[in-house]
Amino acid sequence: MKTPLIISACFLGRNVKYNGGNNLLSNIKELEEYFELIPICPETEGGLNTPRNPSEIIGDKVFSNIGEDVTAQFRKGASIALERAIKSGAKLALLKSKSPSCGNGLIYDGAFSGNLTVGDGIATSLLKEHGIMVFTENEIEQLFQKIA
Ligand code: SF4
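## Points about the overall build of the protein
Moving on, step 1. When helices and strands are counted, the protein shows five helices and eight strands.
Moving on, step 2. Counting from the amino terminus, helix and strand elements in the protein follow one another as β-α-β-α-β-β-α-β-β-β-α-β-α.
Moving on, step 3. Over its C-alpha atoms the protein spans a radius of gyration of 14 Å, differing by no more than 12% from the 15 Å that the globule rule assigns to 148 residues.
Moving on, step 4. Overall, the protein is about 45 × 30 × 25 Å in size when its C-alpha atoms are taken along their principal axes.

Given below as C-alpha cells:
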C-alpha cells in the first residue's frame, strides 16, 4: 500500500498560485509511484480567488499587498488541509517553500520586499502542531528516507 502524502496542489501543475501559475515538480511521477498524493491548496480552498493579490504573514495575521486582511481564509484553508490529513491518515506532507500557507522554516517577512524570515506558513504550522512532518521541495530525498 502506498504511503499517504499531503502535497501542495501547485506541485501537481494545478494553476492555483496567486499569479495563476503553478509550481509543477519535475519528479512528480516518481512521487506518484511511492505515495498516495493528497493535494491541498489552503489559499484557494479557504475561499481566495486565482489570480489573487500576494499575501504575507504579519504578526498573527495575514494581509495581502494591498492591505486586505485574509487571515480568516488562510485559517479556513489550513483547517481543511488538517481535516484531509486526519481523514487520510497522512503523517507526511510535501509543501511549497516560502509560501505564507505552505512554507516551512522560512517565509517572506511581511514587508513584501522579497526578504525571508524564520517561520512557518499558516497551514504548515497547523499540520506540524498535529504531528505531521512537513518537507519542502528541497527536501525530497529526506522525504523518501522516511519510507525507505
Ligand atoms: S497555497 Fe500552497 S498549494 Fe496553494 S498555491 Fe500557494 S503554495 Fe501552492
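## Considering the sheet that holds strand β2 (residues 35-40)
Moving on, step 1. Strands sit in the order β2-β1-β5-β8 across an open sheet of four strands; the sheet is parallel. The sheet terminates laterally at β2 and β8 (133-135), the two strands that pair on one side only. Neighbour to neighbour, the strand axes of the sheet diverge by 30° on average, direction disregarded.
Moving on, step 2. Where strand β5 (residues 92-94) and β8 come together, three bridges link them in parallel fashion.

## What about the site of the ligand?
Moving on, step 1. Around the ligand, the neighbouring residues are S8, A9, C10, V16, K17, C41, P42, E43, K96, S99, S101 and C102.
Moving on, step 2. Residues of the shell around the ligand, tallied by class, amount to six nonpolar, three polar and three charged.

## So, the packing of helix α3 (residues 71-88) against helix α4 (residues 122-129)
What describes two packed helices is the angle between their axes and the distance between those same axes.
Moving on, step 1. Close contact between α3 and α4 brings their axes to 8 Å; oriented N to C, the two are set at 40°. Classed by the angle they form, the pair α3 and α4 counts as oblique. Remark: the crossing between α3 and α4 carries right-handed chirality. Counted together, F74, R75, G77, A78, A81, L82 and A85 of α3 and I122, A123, L126 and L127 of α4 form the full contact between these two elements.
Moving on, step 2. Looking at side-chain class alone, the contact of α3 with α4 contains nine nonpolar, one polar and one charged residues.

## Some words on the environment of N27
Moving on, step 1. Considering the arrangement of structural elements, one finds N27 in the loop between β1 (3-8) and α1 (28-34).
Moving on, step 2. Judged by local crowding, N27 falls into the exposed class, with 11 C-beta atoms found within 10 Å.
Moving on, step 3. Residues N27 and L12, 15 residues apart in the sequence, show an inter-C-alpha distance of 10.0 Å.

## Quick notes on α3
Moving on, step 1. Taking 1.5 Å per residue as the helical rise, α3 with its 18 residues ought to reach 26 Å, and the 26 Å between its terminal C-alpha atoms agrees with that figure.
Moving on, step 2. Buried within α3 are the following residues: Q73, F74, G77, A78, A81 and A85. One side of α3 holds all its buried residues, which, seen down the axis, span an arc of 135°. Exposed side of α3, more than 90 degrees from the buried face: A72, E83, I86 and K87 are the residues found there.
Moving on, step 3. Looking at the packing, one finds that the buried side of α3 touches β1, β2, α2 (42-45), β4 (61-64) and α4.
Moving on, step 4. Of the residues flanking the end of α3, it is G89, one or two places downstream, whose phi is positive at about 75°.

About the criteria used
- Residues numbered from 1 in each chain as written.
- Predicted model: local features only at pLDDT ≥ 70, side-chain atom pairs only at ≥ 80, totals over all residues.
- Helix = DSSP H or I, 4+ residues; strand = E, 2+ residues; numbered from the N terminus.
- Rg over C-alpha atoms; globule rule 2.2 N^0.38 Å.
- Pairing = 2+ DSSP bridges.
- Axes fitted to C-alpha atoms, helices over the stretch in contact; angles between N-to-C directions.
- Near = placed C-beta within 6 Å.
- Nonpolar A, V, L, I, M, F, W, Y, C, P; charged D, E, K, R; others polar.
- Parallel < 35°, antiparallel > 145°, perpendicular 65-115°, else oblique.
- Left-handed = near helix turned anticlockwise from the far one by under 90°.
- Contact = placed C-beta atoms within 7 Å.
- Buried ≥ 20, exposed ≤ 12 C-beta atoms within 10 Å, placed from the backbone.
- Expected span 1.5 Å × (residues − 1).
- Arc of directions from axis to C-beta.

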